[in-house]
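Coordinates in review
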Amino acid sequence: MSKKKKKQEKETTIENFYDLKVNEVDELVSILKGDETSSEKEITTDIKEITGEEVKGKSERAKNFDPYKRDKLAMLPTWLKAIFIKWWFAGCVCYFIMWGLGELLTNEFDFVRAIFLGLIMGMVVDLLVNPSFRYLDSDRKEYDNYMMFPFPFKQFWTFFANMIYYVIVVVIVYISYRGLNQLIMLANDDWFVGVEPLLFGTICVIIDMAFIGIKDLIVYLVKRHKNKKREEVNPDV
């Protein structure tokens, strides 16, 4: 058998093995290019028609699906999801720790309790909040703007850094409560603002995002200064 004939048989075998759908590939390329007239057949989402297998015991929604359809959660803006997650976890810390351990701690929101809540808040952020951001994040790293220490999980030092940082945040929350109640007492001595999850989470997020905003501004100014110096040294680059 000649070498040319062997090569022809080998190519035929490979083609039959992979069973390439040349027409479907050309149709997909035309669709990606935006050629609406390239395919007269409507794209189906029926599992039976796509895979050739009948799906039993599934609802109509499961039988007719679109793998490229974005869910409602993905359609929400990044800032809204990030703020809500931070607010919700801060409220949970207030509810489960401050209210849940109220009998073991002092009855009032004092300085010692603020430090304790700050330590717990730092652990919750490092172990739950930031991993949630990493799970929802994309290659554009949108959630880095909502973390004080946007580093990977393997950086174990961020655990202690977050604890120290959130002690500062919660202490400022404590000062904010005292200042707010002092202003209220000037008008009415019989009424004051108590510590509860909704307001605690709101004040905590406002202070947290203020610090993160300052950090992001400093990082931006430092990067701009470095880029400016690099352009002065290498103007042709």
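For the structure, check the block above.
Overview of the structure. (Residues numbered from 1 in each chain as written. Predicted model: local features only at pLDDT ≥ 70, side-chain atom pairs only at ≥ 80, totals over all residues. Heavy atoms only, no water.)

1. Describing the overall build of the protein chain
Scanning the protein chain from terminus to terminus reveals 9 helices and 0 strands. Traced from its N-terminal end to its C-terminal end, the protein chain shows the element sequence α-α-α-α-α-α-α-α-α. Within the protein chain, the fraction of its 237 residues that count as buried is 27%. Once local pairs closer than 6 in sequence are excluded, the contacts in the protein chain between residues at least 24 apart make up 61%. Only carbon and sulfur atoms are counted for the fraction: they give 61% of the accessible area of the protein chain, which is about 18200 Å². (Helix = DSSP H or I, 4+ residues; strand = E, 2+ residues; numbered from the N terminus. Buried < 20%, exposed > 50% of the residue type's maximum accessible area, 1.4 Å probe, protein only. Contact = heavy atoms within 4.5 Å. Areas by Shrake-Rupley, 256 points an atom, 1.4 Å probe, with all protein chains shown as cover.)

2. So, the pattern of salt bridges
The tally for this structure, following the rule as stated, stands at 4 salt bridges. Residue K86 pairs with D208 through a salt bridge whose shortest N-O separation is 2.6 Å. Here K86, found in helix α6 (residues 78–99), pairs with D208, found in helix α9 (residues 197–233); they are 122 residues apart in sequence, far enough to count as distant. Neither K86 nor D208 differs from the other in exposure class; each is buried. (Salt bridge = Lys/Arg side-chain N within 4 Å of Asp/Glu carboxyl O.)

3. What to know about the environment of N181
Assignment of secondary structure puts N181 in helix α8 (residues 157–187). C-alpha separation for the pair N181 and W191, spaced 10 residues apart in sequence, amounts to 8.4 Å.

4. Examining a nonpolar patch on the surface
Side chains of F151, F156, W157 and F160 sit close together on the surface and give an oily, nonpolar patch of about 460 Å² of accessible area. Looking at the element boundaries, W157 is found in helix α8. For W157, a relative accessible area of 37% gives the class partly exposed. (Patch = residues over 30% accessible without salt bridge, like charges linked within 9 Å, V, L, I, M, F, W, Y side chains within 5 Å.)

5. Remarks on the packing of aromatic side chains
Scanning the model with the defined rule gives 12 aromatic pairs in all. An angle of 90° between the planes, with centres 5.1 Å apart, marks the rings of W88 and F89 as edge-to-face. Between the aromatic rings of F149 and Y165, the centroid separation amounts to 6.3 Å while the plane-to-plane angle is 85°, which identifies the pairing as edge-to-face. Linking F149 in the loop between α7 (111–136) and α8 with Y165 in helix α8, this pair joins segments that are 16 residues apart in sequence. Given a relative accessible area of 18%, F149 falls into the buried group. Overall, Y165 belongs to the buried group, its relative accessible area being 9%. Put simply, the rings of F149, F151, W157, Y165, Y166 and F211 pair up and form one aromatic cluster. (Phe/Tyr/Trp six-rings, centres within 6.5 Å; stacked < 30°, edge-to-face > 60°.)

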